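Analysis of the macromolecular model
Spelled out from the first residue to the last, the chains are:
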Amino acid sequence: MNATAAKLILNRIGIGLLTLLMVSLVVFAITGLLPGDAAQSSLGQSATPEAVAALRAKMGLDVPGYMRYFNWLGGMLTGNFGYSMVNNLSVNELLASRLPMSLMLAGVTALVSVPIALTLGIVSAMKRGSLIDRGLNLVTLSLVAVPEFLVATIAVLIFAVQLRWLSALSFASDISTIGQFLKAYALPVMTLCCVIVAQMARMTRAAVVDELNSSYVEMAILKGATPTRVVLRHALPNAIGPIANAVALSLSYLLGGVVIVETIFNYPGVASLMVDGVSNRDMPLVQACAMIFCAGYLALVLFADLAAILSNPRLRQ
Amino acid sequence: MNNKHKEFGAMLNPAESERILNAAMGRGMSRRDALRMMGAAGVVIGGSGLLGAPGAAQAQTPAPAAAGTPRRGGKIRAAAHSTSTADTLDPCKGSTAVDYTRHNMFYSGLTELDTQLVPHPALAEEFTHEGSKVWRFKLRKGVTFHDGKPLTAQDVVFSLMRHQNAELGSKVRSVAMQFEAVKAISPSEVEVTLTVANADLPVILAASHFLILKDGTTAFTTAVGTGPYKCKEFRAGVRSVGVRNENFWKPGKPYLDEIEVIGIPDEAARVNALLSGDIHLMNNMNPRSAQRVNASGTHASLETKSSLYTDLIIRQDTTPAGSEDFTLAMKYMQDREQIRDAVYRGFATVGNDQPIQPGHRYYLEGLPQRGYDLDKAKFHLQKAGLAGATMPIVCTPAAEGSVDIAALMQQSAQKIGLNLTVNRVPADGYWSNHWMKHPLGFGNINPRPSADLIFTQFFQSDAAWNESGWKNPQFDQLLLQARAESDDTKRKKLYGDMQVLVHEKGGVGIPTFISFIDGYDKRIQGYGSVPLGGLMGYAFAEHVWLAA
């Protein structure tokens, strides 16, 4: 790896960290703008002014905002996200039980969806204009156009309620056998795949088609390379940059955007944790989740950038 | 007397008869007397082919048939309609069905309510009072917490007095402020002195918020109570798992080995989970799903008539909405039958602008029903000088059905020359930002266990939640009188007068009482209706068993 590439990579990492810092400021400011606070929402209908004032003092909500920001930022740098205002558990503890579940769901979905998407994309690029290409387009586009709650509900109705093959809820907490694992993950993963495969497949197709139209591919074809070899050996390596970007964007959705799937399958992930945080005005929790999502997103984009840089021979050598 | 018991007996399943038997004995009756009393009422203990369905008097939909003696063993999973990281093991902070259910699983109270909301001794085996002001509770002997510590008077003192601490954030602090002193007069006796006489104290103490904790409890990562199940696992927003407490103070109970309680916020997902066999019990079923569930053959729905209501608030302290004539005009504009049938799809009871529901032990029979009468509404509207006026009406999904009710009222109002502009606001933050703050708005009042609580919290002139800002000195006086009155007949009369006052002069329109709809797997036995809420008033855990 040469100096240019190293410099580019360091640059990307530095920008990522700076973005994260700015995000922290925005997250803190915006959560402060939400109307109502934890004291009010925890008392609900029973929020009399004196009860709210007492609870607010106990939760430390009467301290000025900038002090709370620096305390929070300092805590985060030492890996301490503070305490949930609603149930007095540390946010770390709450995240510790939910984050691995979210990563697991995202991981399994990625393992299933990425190979499918790449295969679909490459096949339709190779057969572009053919019946297969148009058929695949139609199927993936219709799937991405259907809202995921509908896909999930219909899948549950068919596979859980009618056929009784799978369970309607995902009991990810007590898995001890492969069978249970499949039962718990089959429906959520299937639903999520419907949502993200299309986008990745389309981007892959576009990137590969782009390369296939270039003159070096024409050269490869003229020298007699088989279509498979042309695509896999010549076109694909040059399409890695845009494909990695599409994959990273789709996968970042899996971390924070799966609220609906988590709700329908009762899957204990981070997205629903954040929704709870918002409805309970549990700011430390909301802030921690927002930061994790942003960090995850930045990490994935960074990974895509690195893939693009490292796959580029002009930078690599 | 006999008749009353007969009615009561008809609603009991064997498990409950046993509970009443224990309760009756707790009041100093011998087992034989108690059996004679219940025998006279047609209640049989033990044996097979017992009694009708639980809650038959309350439920229209078929309830599970009682199938002989309860069976021990089995695991079930129940799902409530909401869950979040705000889930708690601290009874004083309970705010949703899943909280109440969990608290009733792990803790017990001094008293408990039956299906008619009459209080019975529980952890207190006996209670007596002097002028409804000084109450003595004698604790049951041999009750132990899940960690083996015996129950003492000190635990009770701690559990009751902690609510008064403002920093704790107890939901029932305002109710608990009426405890002037709670003290242990012996290791097994507690004396509660109230600031003013209240004959309903045993009812209040049966609320899940007042369940008894171990003295000095401050951490709520697990629950150590005296309830029917021991806490095996609790994760806020995920699930609670309870295993049978073998040392539960009610002999033979509970029946199940294990109960898991989860929350599934999405109604369709909840029904699907029920039908696919992933859960055995659920609450808050949509009326539309009830038919589908009943048609399944393996599952059924159960309607619980309750005193839950969504009401139209007409602020009496605003002009021009607060005028007597305008208030009456609005009340006549409620098409109650249509609201019941169209908004709640029949799962509701017509109301009469007062908060005591038909079937309640203090309900006043014979109060003329206010109908849907646009002529009268028009008359009062013109008398109020508001014909042709434009008024905003604020509704929200937070008050169940209010958006549809507002639309119906808008149509009615148009016919008599009043222009209601429907202003729909989000559920989030409604109770802090909108409730009781607009001349015309909606409230949603959950069932309260006693008539006193509902009148005190929502109709007394200086109540914090006097929704319409209604002030009536005569009502306030009746309220205090009724609260101190321990003679049931006189009390019923006083509550009757109060219902008339609220019906005629109050500032809220109560078009309907909304039913709770539960769904259950037909293998679940001993399940029934308690008008406090779904899931047997959130206390199903100790009553149900699983048929083989």
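Given the structure is predicted, the values throughout are model-derived calculations rather than measurements.

Here the focus is the overall build of chain A. Across its full length, chain A carries 14 helices and zero strands. Going from N to C terminus, chain A has its helices and strands arranged as α-α-α-α-α-α-α-α-α-α-α-α-α-α. Counting only C-alpha atoms, chain A reaches 85 × 60 × 35 Å along its principal axes. Each of the 317 residues in chain A was classed as buried or not, and the buried ones make up 39%. Of all intrachain contacts in chain A linking residues separated by at least 6 positions in sequence, the fraction that spans at least 24 positions is 71%.

In terms of regular secondary structure, chain B is built from 18 helices and 20 strands. Within chain B, the proportion of its 548 residues that are buried is 54%. Intrachain contacts of chain B at a sequence separation of at least 6 include 70% that bridge at least 24 residues.

Moving on: the sheet that holds strand 7 (residues 189-194) of chain B. Residues and elements named next belong to chain B. Spatial ordering of the open sheet is given by 4-5-7-6, a layout of four strands whose pairing is antiparallel. The sheet is open, and its two borders are formed by strand 4 (124-130) and strand 6 (179-186), each paired with just one other strand. Averaged over all neighbouring strand pairs, the angle between strand axes comes to 20°, with direction disregarded. Across five bridges, the pairing between strand 5 (residues 134-139) and strand 7 is antiparallel. Along strand 7, the bridge assignment pairs W135 with V192.

Judged by nonpolar contacts, the single largest core of 227 residues is most densely connected at V197(A), V208(A), C289(A), L281(B) and A329(B). Considering every element that reaches this core, the biggest residue donor is helix 8 (residues 178-212) of chain A, with 17 residues. Once residues lying within four places of it in the same chain are set aside, the contact partners of L281(B) are I76(B), A78(B), D518(B), Y520(B), I524(B), L535(B) and F540(B).

Following K253(B), the chain continues into P254(B) via a peptide bond in cis, with omega recorded as -10°. Checked against the element boundaries, P254(B) lands in the loop between strand 9 (239-244) and strand 10 (258-263). Here N266(A), not a glycine, exhibits a phi torsion of approximately 55°, which is positive. Inspection of the secondary structure puts N266(A) in the loop between helix 11 (259-264) and helix 12 (270-279). N266(A) gets classed as buried once you count the C-beta atoms within 10 Å, which come to 27. Despite not being glycine, Y538(B) has its phi angle at roughly 70°, a positive value. On the secondary structure map, Y538(B) appears in helix 18 (residues 534-538).

Quick look at the interface of chain B and chain A now. As a measure of interface size, the accessible area lost when the parts come together is often cited. Facing 31 residues of chain B, the contacting portion of chain A comprises 40 residues. For the side of chain B that touches chain A, the secondary structure elements donating two or more residues are helix 8 (267-275) and helix 14 (430-433) of chain B. When residues of the side of chain B that touches chain A are assigned to their parent elements, the largest contribution, five residues, is made by helix 8 of chain B. The class makeup of the residues in the side of chain B that touches chain A is 13 nonpolar, 11 polar and seven charged.

This brings us to helix 3 (residues 49-59) of chain A. Residue and element names in this part refer to chain A. Looking only at helix 3, the buried set comprises A51, V52, L55 and M59. Viewed along the axis of helix 3, the buried residues span an arc of 95°, placing them on a single side of the element. Exposed residues on helix 3 whose side chains face more than 90 degrees from its buried face are P49 and E50. A positive backbone phi angle near 75° is found at G60, which sits one or two residues after helix 3.

It is worth spelling out the confidence of the model for chain B at this point. Averaged over every residue, the pLDDT of chain B is 85; the share at 70 or more is 88%. We note a pTM of 0.80 for the whole complex and an ipTM of 0.78 for its interfaces.

A separate point is the packing of helix 11 (residues 336-343) of chain B against helix 13 (residues 402-415) of chain B. Residues and elements named next belong to chain B. Relative to each other, helix 11 and helix 13 sit at 135°, their axes nearing to 11 Å. When the interaxial angle is binned, helix 11 and helix 13 end up oblique. For helix 11 against helix 13, the interelement crossing comes out right-handed. Seen from helix 11, the contacting residues are Q338, I339 and V343; seen from helix 13, they are D404, I405 and L408. Looking at the contact of helix 11 with helix 13, its residues break down into four nonpolar, one polar and one charged.

Residue and element names in this part refer to chain B. Summarising the element assignment, S296 is placed in the loop between helix 9 (287-295) and strand 12 (299-314). Exposure remark for S296: the 16 C-beta atoms within 10 Å place this residue in the partly exposed category. Distance in space between the C-alpha atoms of S296 and L275 is 7.7 Å, their sequence separation being 21 residues.

Taking 1.5 Å as the rise per residue, helix 7 (residues 148-162) of chain A with 15 residues should run 21 Å; its terminal C-alpha atoms sit 20 Å apart, in good agreement. Most pronounced at V156(A), the bend in helix 7 of chain A amounts to some 30°. The set of residues buried in helix 7 of chain A consists of E148(A), V151(A), A152(A), A155(A), V156(A) and A160(A). As for helix 7 of chain A, its buried residues are in contact with helix 8 and helix 11 of chain A together with helix 8 of chain B. Positive phi shows up at R164(A), right after helix 7 of chain A, with a value of about 60°.

Here we take up the pairing of strand 8 (residues 229-235) of chain B. All names here are of chain B. Here six bridges tie strand 8 to strand 9, and the two strands are oriented antiparallel to one another. Paired with F234 across the two strands is S240, which belongs to strand 9. The turn joining strand 8 and strand 9, which pair antiparallel and follow one another in sequence, is formed by three residues; a positive phi near 80° is taken by G237.

Consecutive side chains of a regular strand alternate in pointing toward one face of the sheet and then the other. All names here are of chain B. With five of six residues buried, strand 16 (residues 440-445) lies mostly within the body of the structure. In terms of strand pairing, strand 12 meets strand 16 through six bridges, oriented antiparallel. The residue of strand 16 that forms the bridge with I313 is G441.

Rules behind the numbers
Residues numbered from 1 in each chain as written. Chains lettered and ligands numbered in written order. Predicted model: local features only at pLDDT ≥ 70, side-chain atom pairs only at ≥ 80, totals over all residues. Helix = DSSP H or I, 4+ residues; strand = E, 2+ residues; numbered from the N terminus. Buried ≥ 20, exposed ≤ 12 C-beta atoms within 10 Å, placed from the backbone. Contact = placed C-beta atoms within 7 Å. Pairing = 2+ DSSP bridges. Axes fitted to C-alpha atoms, helices over the stretch in contact; angles between N-to-C directions. Core = buried A, V, L, I, M, F, W, Y, C linked by C-beta atoms within 7 Å. Nonpolar A, V, L, I, M, F, W, Y, C, P; charged D, E, K, R; others polar. Arc of directions from axis to C-beta. pLDDT = per-residue confidence, 0-100. Parallel < 35°, antiparallel > 145°, perpendicular 65-115°, else oblique. Left-handed = near helix turned anticlockwise from the far one by under 90°. Expected span 1.5 Å × (residues − 1). Bend = angle between axes of the 7 residues up to and from the residue.

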